[in-house]
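# Coordinates in review
Each chain is listed here by its residues.
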Amino acid sequence: MLATVQQTEELLMIFRDHGAKYTYKKGEFIIRPGEVPSGVFFIEIGLVKAYDITKYGEENLLIIRREGEMFPLIWAITGQERQVIYEAIAPTSVWEISRDSFLNHVRANPDSMAPLLDMTLEMYRIHSERILNLEYRSVRERLISFLLTMSNRFGKKTPEGLLINVPLRHQDIASSINASRETTTRELTALERKGLLSNRQSLITLVDLNRLHGYLQ
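Heads up: these notes are all about the structure in this document. (Residues numbered from 1 in each chain as written. Predicted model: local features only at pLDDT ≥ 70, side-chain atom pairs only at ≥ 80, totals over all residues. Heavy atoms only, no water.)

## Topic: a nonpolar patch on the surface
A cluster of nonpolar side chains, Leu-2, Leu-117 and Leu-121, forms an exposed patch at the surface whose accessible area comes to about 270 Å². Residue placement: Leu-117 occurs in helix α4 (residues 113-133). Residue classification places Leu-117 among the partly exposed residues on the basis of a relative accessible area of 38%. (Patch = residues over 30% accessible without salt bridge, like charges linked within 9 Å, V, L, I, M, F, W, Y side chains within 5 Å. Areas by Shrake-Rupley, 256 points an atom, 1.4 Å probe, with all protein chains shown as cover. Salt bridge = Lys/Arg side-chain N within 4 Å of Asp/Glu carboxyl O. Helix = DSSP H or I, 4+ residues; strand = E, 2+ residues; numbered from the N terminus. Buried < 20%, exposed > 50% of the residue type's maximum accessible area, 1.4 Å probe, protein only.)

See below:
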């Protein structure tokens, strides 16, 4: 990471000093379909799913934003709209400031570029891993690769195994690994029967990491 704790705090203070705080329930839109962003958001607590809608009417998961991250980052810096939908997938609190306020702060405070670069690099890393994931030929390999990647970002150790502490719908997983929802469900069930993972109420726990990694070797 390039940013110091102080640089990150100074960037976030602009939201707290000049922004408005909003709370959202699970399932509520923060940026609706077809809506131009009203400002730049910083997640204080919660999880926010970014996705778009394919020409077939299906949701295509792009990224899940977590506590301490900002969105929509590309629009905030470039002003380019991408018709991305942002939805809370857990009880969420955010701070919002206008894009003008955000850009004025960045221009006046060059040190704020360090935490922004960290966030941009993290976004690039996640999307690069998604592209690499698609190089696996079988759905099972792509599924396991996706779950291991998500565990690196959201993993929480529990007595049962490594919990991916973010709700993942089968459709979200399917869109990320270029598979149908039905095939994704079938492969998840097969891995659960083998004792490699457990799947309870959209929360997946990786039970046997060594065997899961073994599928990708």
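Additional details are given in the paragraphs that follow.
## Here we look at the sheet that holds strand β7 (residues 85-88)
Here four strands make up an open sheet; going across it, the order is β2-β7-β4-β5 and the pairing antiparallel. The strands lining the two open edges of the sheet, one partner per strand, are β2 (29-31) and β5 (59-66). Averaged over all pairs of adjacent strands, the angle between strand axes in this sheet comes to 30°, irrespective of strand direction. Taken together, the two bridges between β2 and β7 define a ladder with antiparallel strand orientation. Within β7, the residue paired with Phe-29 across the bridge is Glu-87. Helix α6 (residues 170-177) contacts β4 (47-53) and β5 of the sheet and is inclined by roughly 105° relative to β5. (Pairing = 2+ DSSP bridges. Axes fitted to C-alpha atoms, helices over the stretch in contact; angles between N-to-C directions. Contact = heavy atoms within 4.5 Å.)

## Regarding the packing of aromatic side chains
Two aromatic rings are characterised by how far apart their centres lie and by the angle between their planes. Applying the stated rule across the entire model yields three aromatic pairs. Seen from their ring centres, Phe-15 and Phe-42 are 5.9 Å apart, and the 45° between their planes marks the pair as tilted. Taken together, the residues Phe-15 in helix α1 (residues 5-18) and Phe-42 in strand β3 (residues 40-45) connect sequence positions 27 residues apart. Residue classification places Phe-42 among the buried positions, given a relative accessible area of 4%. Residues Phe-41 and Phe-71 carry aromatic rings whose centres are separated by 5.1 Å and whose planes lie at 10° to one another, so their mutual orientation is stacked. Pair noted here: Phe-41 is in strand β3 and Phe-71 is in strand β6 (residues 70-71), with a separation of 30 residues, a long-range link. Looking at Phe-71, the relative accessible area reads 1%, which means it is buried. Taken together, the aromatic side chains of Phe-41, Phe-71 and Tyr-86 make up a single cluster linked through ring pairs. (Phe/Tyr/Trp six-rings, centres within 6.5 Å; stacked < 30°, edge-to-face > 60°.)

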